[in-house]
Structure formats: structure tokens, C-alpha cells
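Now for the letters of each chain:
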Amino acid sequence: MSQRVFRLAVLSVLLMGLLGCQKRPPEADQAAQQPPKADYVAPPVPGANRDLAGQRITFYGDAVGLAAALDKVTAKRFEEDTGIQVRVVPRPNSANETYATYMRLFQAKSPDADVLTLDVIWPGAMAPHLLDLSDRFQTEAPEHLPVIRENNTIDGRLVAIPWYVDVPFLYYRKDLLTKYGFRRPPTTWDELERMAATIQEGERQTAPRFTGYVWQGNTYEGLTCNALEWQVSQGGGNFVDPGTGQVRIHDPQAIAAFRRAARWVGGISPRGVTGYQEEDARNIFQGGNAVFMRNWPYAYAAANTPDSPVRGKIGAVPLPRGTLNDRSASTLGGWQLGVSGYTRHPEAAAAFVRYMTSPVVEAWRAEVGSYLPTRTGLYRDMALLKRQPLLQVVAPVLSAAVARPSSVAREAYNEVSTLYFQGVADILLGGDAEKVTAEMQADIERLLRAER
Ligand code: GLC
């Protein structure tokens, strides 16, 4: 077992232990009884002082789902309590576009971005442009999940503080499963296909645009996440082994998994799925127009807001697997907060990061936005687990976590992932899986050899 896989296994065991005491059904089905708050009120800044009042910082915040609204109220609260002005700029929805935006800011050594939300796959590539926060966060750092903290530590420098963890769920419509006589959500991809086809056919009698399964098929990082899950859950392993660096794409299991997904396009999924990102999938599911959706935790709170047509009708379970002998796979995602190396206000920026990653804010974001905390202590907070049903069903999903190979590929990761998602996109659009995967494998091997 590679070191990284081992650490992920330890993370899972830890969380399973923490959550194991919860005797709950395998679905997050309490939402109907617990109306989420519509008016967001951010918690006060712990131990606030006004030493840096008057300084101005810019925060490249989150954008997807409820995120921009939550960032706005937290920034406002921070301003009120500290006198530090925060300009919030929502990042582009796509991780790739955000990556490009940040790289442009870094190349220009721009002081116009002080605090940045960073995808879990970026610390390796962005470390040279980020401040080392080890000294400033000596007390807080050990309170976060070790696997993410280590991910954010590059050559001994802690370049980002963990903010929230992302793992995918299979969201489903409980009411529709019941209507069509299915007693539980699917555990294999075959089952999902059968259920989706039956329900799609039935619903289309009255709703012609109704669809079975929505996911992220656009040509971008989200497709890498989906495809990695297809590949691993079919017994195909990681596309680059994080321990050995070995590439595995031109592989019978991976090919079978990609062919299966290609069959969905225009079948149980709309043709347009090859253009979908997270929010496209959520809008369709939330509008009541799909029975299944793959998405991150944020979608749970967003789809349960008081005005949501599917509020209270949603269950969440681990993604299906290839056969019962295979395992479910969840791509490990999530976001961190880093301070730009070109900031003119390092102390004000660090104070903002401290507030945003504090126990009160992480707990509040978990409750109102279903963001999974990075602070281990919050998984033992029984009151919080009660207030956020999704936390009660996260253990098996976390235990299936698979990291993308960003630690082994470092600066090359973005390019490796681009070759991977472009190849998978070709297959989804009808390309010959045998031929395309051979090319993907050769291209990624060549790129990684050149990097070494
Ligand atoms: C989510 C994940 C992130 C991933 C992205 C892909 O934001 O947290 O890690 O790269 O989705 O779309």
C-alpha cells in the first residue's frame, strides 16, 4: 500500500470511528424536518481586536451553490468585528478557469489578491507563490485532518489552511424510487442504469425533458473526478498511482468503465451532459428533472433550501461500484485558504484565514451549507451532527476517498489531468476507447518522464 493510500485509509478509519456511534439509516433523509436557514448570519470573530482596522484585503472566494452568499456574510461580519475591509471576488465556477486566473495574478506578482481559495490539487503547483503559514498557524494546524494538512505542506512549508473537504455523493429522489417500487438506491452502476431507465421512461410520459442521471461531463477538472471514480470503482486503479507514479489508463477495466459512461450520454443522461459542470447538474436535479445526480456535499444544502422544488425529497449515498466485488470510489476534493506571497497585508490576510477556518465558522458552514469540516473535532460534535443530516452519512463516502495524483505530479498535475479529461471527453463523444486510452497513456507517460 502506498503511503498516501495508507494515510487515506487512516483518515477513513478515524472518521468511521468518530461517526460509527451514529445509528442512522444509510440516507440523509431528515432534511424535511429541519428547515435550513434562509437568512445567513455569520458567527462573530473569536477574540476579535481592531489592531489592523483600516487595512483592505481582497478575497478570491468560492462561487458554487450557496458559497458566494456565505462568503459575503462572513466577510461582512469580519469587517464589523475587526475593522479590516474585505473585498470579495467570487472565483470562476470552473476549477480550471480559477487555476488560470490565479496563475495570471501570480505571474504579474499582483498584490490585488490577498486571500485565495485553493483546490486540494494545487498546493504543489502554487507553493512558490504562497506564504508559509506554519508559524502563524502553529496552534490551529494540528486541529485539521492530517491528510489535508500534509497535502498542503510543500517542502516543509504550510502554504494553505484546510477549509472544507469535498467527496461526492449519489443524490437520488426518494419519492421517485418509492413511486417505481425500488426499495433502496443502487449500489452498482448496472443497478443505477436499470433504475434510471425505468424511471426516465415513466416520467417522460408527462415530463418529456425528464432524465435519469446527471453528472459532470464537461471537458474540465470535474470530468477527471468523475472518470477517476468510474475507473477505480470498476477495479481499474488510479490513472497515475500516487505511490509509484505508474500510469494506468490503457487498461481493460478503465476501458469498460469509460465505455459504460459513453453509453449513458443520450441514454440515461442527456446529450448535453458533456457540457455540464456541477451547477448545471444541480440545476436540473433541483428543478425536479432528474432522479439521480453525482455531486459534492454543497448540493445537499443548496437543493434543500426553502424554495427548492425537491426539498426534503433527497437521499444521499456512496457512488455505485462496477460489481459487488468492486468498491465505491470517491474523488477527494476540497478547498483551502492561502495567502498570496505578493500581498501587502499578510497579517490582515492571515487574520481573515484564521476566522474563516475557525471552529465556529466551519461548524456554521457545515450546518447551513453542508460543507464538510476539515477540523476533526467537529465530527465529534453531536449537536452539529444532529443539525446537519449529511454529516451522519458521510463516513462510508470518506472511507472510499481516492486522491488525484497531484502530489506525485506536482507542477505537471494540471497538464496530466488535462490530457486525462480530454481523452475521456473524446470517448464520451464516440471516440474509440481502445485507441484513445492508448494515446492518453502514452502522452501522460511521456509528460511525466520529461518532468522527472
Ligand atoms: C470540487 C472539488 C475540487 C475539484 C472540483 C472539480 O470543487 O472540491 O477538488 O477539483 O470540484 O470540478
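For the structure itself, look to the data block above.
Residues numbered from 1 in each chain as written. Predicted model: local features only at pLDDT ≥ 70, side-chain atom pairs only at ≥ 80, totals over all residues. Heavy atoms only, no water.

A. Structural detail: the overall build of the chain. Along its length, the chain carries 19 helices and 14 strands. For 452 residues, the compact-globule estimate of 2.2 N^0.38 gives 22 Å, and the C-alpha radius of gyration of the chain, at 21 Å, lies within 12% of that figure. In terms of principal-axis extent, the alpha carbons of the chain reach across some 65 × 55 × 40 Å. Here the chain holds 452 residues, and 61% of them are scored as buried. Accessible area for the chain stands at about 17,500 Å²; split by element, carbon and sulfur atoms hold 50% of it. Both charge centroids of the chain, one from 49 positive and one from 48 negative side chains, sit 4 Å from each other. (Helix = DSSP H or I, 4+ residues; strand = E, 2+ residues; numbered from the N terminus. Rg over C-alpha atoms; globule rule 2.2 N^0.38 Å. Buried < 20%, exposed > 50% of the residue type's maximum accessible area, 1.4 Å probe, protein only. Areas by Shrake-Rupley, 256 points an atom, 1.4 Å probe, with all protein chains shown as cover. Lys, Arg positive; Asp, Glu negative; His and termini not counted. Charge placed at Lys NZ, Arg CZ, Asp CG, Glu CD.)

B. Representation of helix H7 (residues 189-203) within the structure. For H7, built from 15 residues, the straight-helix expectation of 21 Å at 1.5 Å per residue is met to within 8% by its first-to-last C-alpha distance of 21 Å. By the burial criterion, the buried members of H7 are Trp189, Glu191, Leu192, Glu193, Met195, Ala196, Ile199, Gln200 and Glu203. Contact partners of the buried residues in H7: strand S7 (169-173), helix H6 (174-179), strand S8 (211-214), helix H8 (221-233), helix H9 (252-264) and strand S9 (290-295). (Expected span 1.5 Å × (residues − 1). Contact = heavy atoms within 4.5 Å.)

C. Seen up close, the sheet that holds strand S12 (residues 333-339). In spatial order, the strands read S2-S1-S3-S12-S6-S13; together these six strands make up an open sheet with mixed pairing. Each end of this open sheet is capped by a strand with a single partner; those strands are strand S2 (85-90) and strand S13 (372-373). The pairing of strand S6 (residues 161-166) with S12 spans five bridges and is antiparallel. Residue pairing for S12: Asp166 is matched across the bridge by Gly333. Docked against the sheet, helix H13 (residues 359-369) engages S6 and S13, running at close to 20° with respect to S6. (Pairing = 2+ DSSP bridges. Axes fitted to C-alpha atoms, helices over the stretch in contact; angles between N-to-C directions.)

D. Broad picture of unusual backbone geometry. Notably, Asp155 is not glycine yet its phi reads approximately 50°, a positive angle. Along the polypeptide, Asp155 turns up in the loop between strand S4 (153-154) and strand S5 (157-158). Using a relative accessible area of 63% as the deciding quantity, one classes Asp155 as exposed. Unlike most non-glycine residues, Arg410 shows phi in positive territory, near 45°. Checked against the element boundaries, Arg410 lands in the loop between helix H17 (406-409) and helix H18 (413-428).

E. Local environment of the sheet that holds S7. The sheet built from four strands is open, its strands ordered S8-S9-S7-S10 with mixed pairing. At either margin of the open sheet sits one strand with a lone partner, and together these are S8 and strand S10 (314-317). Within the sheet, the average angular offset between the axes of one strand and its neighbour, ignoring direction, is 15°. On top of the sheet, helix H10 (residues 278-286) reaches S7, S8, S9 and S10; it is set at about 155° to S9, its chief contact.

F. Structural context of the side chain of His144. Among the structural elements, His144 can be located in the loop between helix H4 (123-126) and helix H5 (146-151). Accessibility expressed as a relative area gives 1% for His144, which makes it buried.

G. Molecular detail of the nonpolar core. Residues Tyr171, Tyr213, Trp230, Phe292 and Tyr420 are the most contacted members of the largest nonpolar core, which totals 150 residues. By residue number, the principal contributor to this core is H18, which donates eight residues. Setting aside its immediate chain neighbours within four residues, Tyr420 contacts Thr224, Ala227, Leu228, Gln231, Phe239, Ile249, Phe258, Met440 and Ile444. (Core = buried A, V, L, I, M, F, W, Y, C linked by side-chain atoms within 4.5 Å.)

H. Up close: the site of the ligand. Contacts to the ligand come from Asp119, Val120, Asp166, Tyr220, Glu221, Gly222, Glu278, Trp296, Gly333, Gly334, Trp335 and Arg404. Asp119 places a side-chain nitrogen or oxygen 2.5 Å from an oxygen atom of the ligand. In the model, an oxygen atom of the ligand is placed 2.7 Å from a nitrogen or oxygen of the Arg404 side chain. Relative to its unbound accessible surface of 310 Å², the ligand loses 95% to contact with the protein. Of all the secondary-structure elements, those providing two or more residues to the shell around the ligand are H8 and S12. In terms of residue count, S12 provides more of the shell around the ligand than any other element does, three residues in total. Of the residues in the shell around the ligand, the class split is four nonpolar, three polar and five charged. (Near = heavy atom within 4 Å. Polar contact = N/O pair within 3.5 Å; in protein donor to acceptor, adjacent residues only side chain to side chain. Nonpolar A, V, L, I, M, F, W, Y, C, P; charged D, E, K, R; others polar.)

I. How the structure looks around the packing of aromatic side chains. According to the stated counting rule, one finds 22 aromatic pairs in the structure shown. On the basis of an interplanar angle of 55° and a centroid distance of 5.4 Å, the ring pair of Trp163 and Tyr164 is categorised as tilted. Consider the rings of Trp215 and Trp264, whose centres lie 5.9 Å apart with planes at 70°: the pair is edge-to-face. Pair noted here: Trp215 is in the loop between S8 and H8 and Trp264 is in helix H9, with a separation of 49 residues, a long-range link. (Phe/Tyr/Trp six-rings, centres within 6.5 Å; stacked < 30°, edge-to-face > 60°.)

J. Molecular detail of the environment of Val416. For Val416, the location among the structural elements is in helix H18. Distance from Val416 to Val265, taken between C-alpha atoms, is 25 Å for residues 151 residues apart in sequence. Not counting chain neighbours up to four residues away, the residues in contact with Val416 comprise Phe239, Val240, Ala409, Ile444, Leu447 and Leu448.

K. Representation of the pattern of salt bridges. Here the structure, examined in full by the defined rule, presents 22 salt bridges. Arg365 is the salt-bridge partner of Asp71, the closest N and O atoms lying 3.9 Å from each other. In this pair, Asp71 is assigned in helix H2 (residues 67-82) and Arg365 in helix H13, connecting sequence segments 294 residues apart. Of the two residues, Asp71 and Arg365, both sit in the buried class. For the salt bridge of Lys76 with Glu80, the shortest nitrogen-to-oxygen distance reads 3.3 Å. Here Glu80 and Lys76 lie together in helix H2, a separation of four residues that amounts to about one turn. For Glu80, a relative accessible area of 45% translates into the label partly exposed. (Salt bridge = Lys/Arg side-chain N within 4 Å of Asp/Glu carboxyl O.)

Interpretation note: all reported values are geometric properties and have no functional meaning in isolation.
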